[in-house]
Amino acid sequence: MSVPVNIQNISKSYEKVEALKAVSLNIKAGELFGFIGPDGAGKTSLFRILTGLILPDSGTASVAEMDVLKDFKKVRNITGYMPGRFSLYYDLTVAENLNFYASIFKTSLKENYDLIKDIYVQIEPFSNRKAGDLSGGMKQKLALSCALIHRPKLLILDEPTTGVDAVSRKEFWELLDKMQQGGITILVSTPYMDEASLCNRVALMQSGNVLSVDTPSNITARYKGQLFAVKTNKMHNLVTALEQVPAATQVYRFGDEVHVTSFHENDTVFVGLLSDALKEKGHLDIQINKKQAVIEDCFLALMDKNQAI
Amino acid sequence: MNESKQIIVVNDLVKMFGHFTANDKLNFSVKKGEIFGFLGANGAGKTTAIKILSGLSKPTSGKAIVAGFDVKKHPNKVKKNIGYMSQRFSLYDDMTVKENFRFYGGIYGLNRKEIREKTAHFLKKLDMEDYGNMLLKNIPLGWKQKLAFSVAILHNPKIVFLDEPTGGVDPLTRRQFWELIYESSAQGTTVFVTTHYMDEAEYCERVSIMSEGRIEAIGTPAELKEKFDVKTMDEVFIKIAR
């Protein structure tokens, strides 16, 4: 049912900006594969190349062993694409949009109803409402229904959760999980690092480069150095205070803690160094605990800081 | 005397669109210099409330005093005393960095000398002195957002409203952006910020969480986590909004 995706040395530039720099990736059939990275990482360009909407400057890509350039019509027939920007017809109703997309692919809502049922029931009460009058969450569900209407074997979702609240994001990922079990390859991009752990494998991307490709747990297991989480009574000054400790590297705020990485051979000595420095700066209630790195720690460590944008 | 320290005071604020209640009797206040996180699910009524607080929309009933002015009676005085930035509306893409500063400085009534000095100050602070003559459309998003924040506080507003300022920004720039927020707050500017990143909720001194037009919880992140007996703000948010 599901299909593999092959990307070989794809490069793409827009005038002076190199959006993709010789990107190569192999996505297995049936995988839920995440492209994790901020704006400007190249995620959208890559998706547009895979869907035949733009041409690469060099390199090749295939979906189910069909070339995305030469066989673009065949590739499109088996691909569902949900662009980052809502791109359905605002002046058509929910039902009209769905029927329109179904008819383009020579199918009907009736024929594939079972496929989109879980999502569509949530917007069905508004089937006569114009798409332009839907809330953000409902627009997203309609767009997903339209992307699924022709039973694609590959689903490409460009930042489906950007600007979406934490609860709706959670629900959306539960939906993706369910769809994947139905046997479909899913490529999804997101700027939210915490969503990486919900994918089978991820590519961490920045400025057109792939920094790392692996399962989320392998990426975090490979984190270099020992990570510590620090808390004190003076959280506002904590980053500055820790940055002044020579042994402390990669000092970053993480919610109600500050993460610090140690390359010191002795953890106890390192903790002592931190704790002494903090006491000297007047910090109290000092808590320093070893911690397992998360994807965001890895991303920060892998990032080219000069290109931090 | 307590009243003078409150820079935003909202009493029974209601906003109706036809029969739909977008804001249902909001009551809260924000202290001078505070970093206040205004959280909520999509469609909870955050944008409606921000529009009222910034003088762009009138409440159906109730009262809001912002920077000492009633938003209903003196919306223009409110506007002069606040700054605003969002991901959607920030700066003009077809103007250079410096032109954007000049344009917004002019709107806020700064003279040429002030604009020149402020522009130099902010470009130096952001380490962007070499980019003053670059068109904004050629500047990466993370830098743009830091510039937009600087422009929003160009006229030393008492309050700055930030509507999802870090959406789609890389994790490093997101942290640099929060350093700018802290600095601004330390200088006495009140920061009123919305975000979908729950780690950023932790960076606020106090947060409120809206659901279906009402404020369902308000307090410091530590208070809210204790009240809902959970470890992270993410869990607090999910308990309230789901």
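Model, not experiment: these values are computed from the prediction. (Residues numbered from 1 in each chain as written. Chains lettered and ligands numbered in written order. Predicted model: local features only at pLDDT ≥ 70, side-chain atom pairs only at ≥ 80, totals over all residues. Heavy atoms only, no water.)

The subject of this paragraph is the overall build of chain B. Of regular secondary structure, chain B possesses 10 helices and 10 strands. For chain B, the C-alpha radius of gyration of 18 Å lies close to 18 Å, the compact-globule estimate for 242 residues. Principal-axis analysis of the C-alpha atoms places the extent of chain B at approximately 50 × 40 × 40 Å. Looking at chain B as a whole, 58% of its 242 residues are labelled buried. Within chain B, counting contacts between residues at least 6 apart in sequence, those at least 24 apart form 67% of the total. Accessible area for chain B stands at about 11100 Å²; split by element, carbon and sulfur atoms hold 50% of it. The centroid of the 36 positive side-chain charges in chain B is displaced by 7 Å from the centroid of its 29 negative side-chain charges. (Helix = DSSP H or I, 4+ residues; strand = E, 2+ residues; numbered from the N terminus. Rg over C-alpha atoms; globule rule 2.2 N^0.38 Å. Buried < 20%, exposed > 50% of the residue type's maximum accessible area, 1.4 Å probe, protein only. Contact = heavy atoms within 4.5 Å. Areas by Shrake-Rupley, 256 points an atom, 1.4 Å probe, with all protein chains shown as cover. Lys, Arg positive; Asp, Glu negative; His and termini not counted. Charge placed at Lys NZ, Arg CZ, Asp CG, Glu CD.)

Residue and element names in this part refer to chain B. Where strand β1 (residues 6–17) and strand β4 (residues 61–66) come together, 5 bridges link them in antiparallel fashion. Looking at β4, one finds that Ile8 is bridged to Val66. In this structure, β4 lies alongside strand β5 (residues 69–70), joined through 2 bridges in antiparallel fashion. Across the sheet, the residue bridging to Ile65 is Asp70, located in β5. Connecting the antiparallel pair β4 and β5 is a turn made up of 2 residues, with Ala67 showing a positive phi of about 55 degrees. (Pairing = 2+ DSSP bridges.)

Spatially, β2-β1-β4-β5 (chain B) is the arrangement adopted by the 4 strands of the open sheet, whose pairing is antiparallel. Strands with a single pairing partner mark the edges of an open sheet, and in this sheet they are β2 (20–31) and β5 of chain B.

What follows concerns the sheet that holds strand β8 (residues 190–194) of chain B. All names here are of chain B. Ordered in space as β6-β7-β8-β3-β9-β10, the 6 strands form an open sheet in which the pairing is mixed. The open sheet terminates on both sides in strands that have one partner only, identified here as β6 (82–86) and β10 (214–219). Across this sheet, the average inter-strand angle for adjacent strands is 15 degrees, counted without regard to direction. One ladder, built from 5 bridges, connects strand β9 (residues 206–211) with β10; its direction is antiparallel. Its bridge partner being in β10, Ser208 is matched across the sheet by Ile218. Lying on the sheet, helix α7 (residues 171–186) is in contact with β3 (35–40), β6, β7 (159–163) and β8; it crosses β3 at an angle near 130 degrees. Helix α10 (residues 233–241) rests against β3, β9 and β10 of the sheet, and its axis sits at about 30 degrees to β9. (Axes fitted to C-alpha atoms, helices over the stretch in contact; angles between N-to-C directions.)

The next point concerns the domain arrangement of chain A. Split by domain assignment, chain A resolves into domain 1 (5–220) and domain 2 (224–292). Here the C-alpha centre of domain 2 of chain A lies 40 Å away from the C-alpha centre of domain 1 of chain A. (Domains from an automatic or database assignment.)

On to the side chain of Thr107(A), then. Residues and elements named next belong to chain A. Tracing the backbone through its elements, the reader meets Thr107 in the loop between α3 (94–104) and α4 (113–120). What makes Thr107 buried here is its relative accessible area of 15%. There is a polar contact of 3.0 Å between the side chain of Thr107 and the side chain of Asn112. In this structure, Thr107 is in contact with Ala102, Asn112, Ile149 and His150, ignoring residues within four places of it in sequence. (Polar contact = N/O pair within 3.5 Å; in protein donor to acceptor, adjacent residues only side chain to side chain.)

Moving on, we come to helix α2 (residues 46–53) of chain B. The buried fraction of α2(B) amounts to 6 of the 8 residues, a majority that puts the element mostly inside the structure. Gly55(B) sits one or two residues past α2(B) and shows a positive phi near 80 degrees.

Taken together, the 28 residues of chain A in the interface contact 30 residues of chain B. A buried area of about 2600 Å², summed over both sides, lies between chain A and chain B, and 60% of it is on carbon and sulfur atoms. With a shortest N-O distance of 2.8 Å, Glu296(A) and Arg175(B) are connected by a salt bridge. On inspection of chain A and its partner chain B, the count reaches 9 residue pairs in polar contact (both at pLDDT 80 or more). Secondary structure elements with two or more residues in the side of chain A that touches chain B: α6 (166–181), β12 (248–254) and α10 (295–302) of chain A. Among the elements that make up the side of chain A that touches chain B, the one with the highest residue count is α6(A) (7 residues). Tallied by class, the residues present in the side of chain A that touches chain B amount to 14 nonpolar, 4 polar and 10 charged. (Buried area = accessible area lost by both parts, 1.4 Å probe. Salt bridge = Lys/Arg side-chain N within 4 Å of Asp/Glu carboxyl O. Nonpolar A, V, L, I, M, F, W, Y, C, P; charged D, E, K, R; others polar.)

Inspection of every chain in the model, using the stated rule, returns 25 salt bridges over all chains. Here Glu117(B) ties to Lys113(B) by a salt bridge, and the two come within 3.2 Å at their closest N and O atoms. Highlighted residues: Glu117(B) and Lys113(B), both in helix α5 (residues 112–125), separated by 4 residues, approximately one helical turn. For the salt bridge of Asp199(B) with Arg174(B), the shortest nitrogen-to-oxygen distance reads 3.2 Å. In this pair, Asp199(B) is assigned in helix α8 (residues 198–202) and Arg174(B) in helix α7, connecting sequence segments 25 residues apart. In the salt-bridge network here, residues are joined through shared partners; they are Glu296(A), Arg174(B), Arg175(B), Asp199(B) and Glu200(B).

Glancing now at a positive patch on the surface. Side chains of Lys98(B), Arg102(B), Arg112(B) and Arg116(B) sit close together on the surface and give a patch of like positive charge. Along the chain, Lys98(B) turns up in helix α4 (residues 97–107). (Patch = residues over 30% accessible without salt bridge, like charges linked within 9 Å, V, L, I, M, F, W, Y side chains within 5 Å.)

Let us look at the packing of α3(A) against helix α5 (residues 136–148) of chain A. All names here are of chain A. Here α3 crosses α5 at 20 degrees, and the two axes come no closer than 9 Å. The angle between the axes of α3 and α5 places the two elements in the roughly parallel class. Crossing angle aside, the handedness with which α3 passes α5 is right-handed. Here Val94, Asn97, Leu98 and Tyr101 of α3 come into contact with α5, specifically with Leu142, Ser145 and Cys146. (Parallel < 35°, antiparallel > 145°, perpendicular 65-115°, else oblique. Left-handed = near helix turned anticlockwise from the far one by under 90°.)

Glancing now at the environment of Ile36(A). Residues and elements named next belong to chain A. Considering the arrangement of structural elements, one finds Ile36 in strand β3 (residues 32–36). Taking relative accessible area as the criterion, Ile36 reaches 0% and is therefore assigned buried. Taking the C-alpha atoms as reference points, Ile36 and Lys224, 188 residues apart in sequence, are found 20 Å from one another.

Moving on, we get to the packing of aromatic side chains. One pair of aromatic rings is described through two measures. These are the centre distance and the angle between the planes. Per the stated rule, a full pass over the model turns up 22 aromatic pairs over all chains. One aromatic cluster in this structure is built from Phe28(B), Phe36(B), Phe38(B), Phe161(B) and Phe192(B). Between Arg169(A) and the ring centre of Tyr192(A), over which it is positioned, the NZ or CZ distance is 3.6 Å. Above the plane of the ring of Tyr203(B) lies Arg253(A), whose end atom (NZ or CZ) is 6.0 Å from the centre. (Phe/Tyr/Trp six-rings, centres within 6.5 Å; stacked < 30°, edge-to-face > 60°. Lys NZ or Arg CZ within 6 Å of the ring centre and 35° of its normal.)

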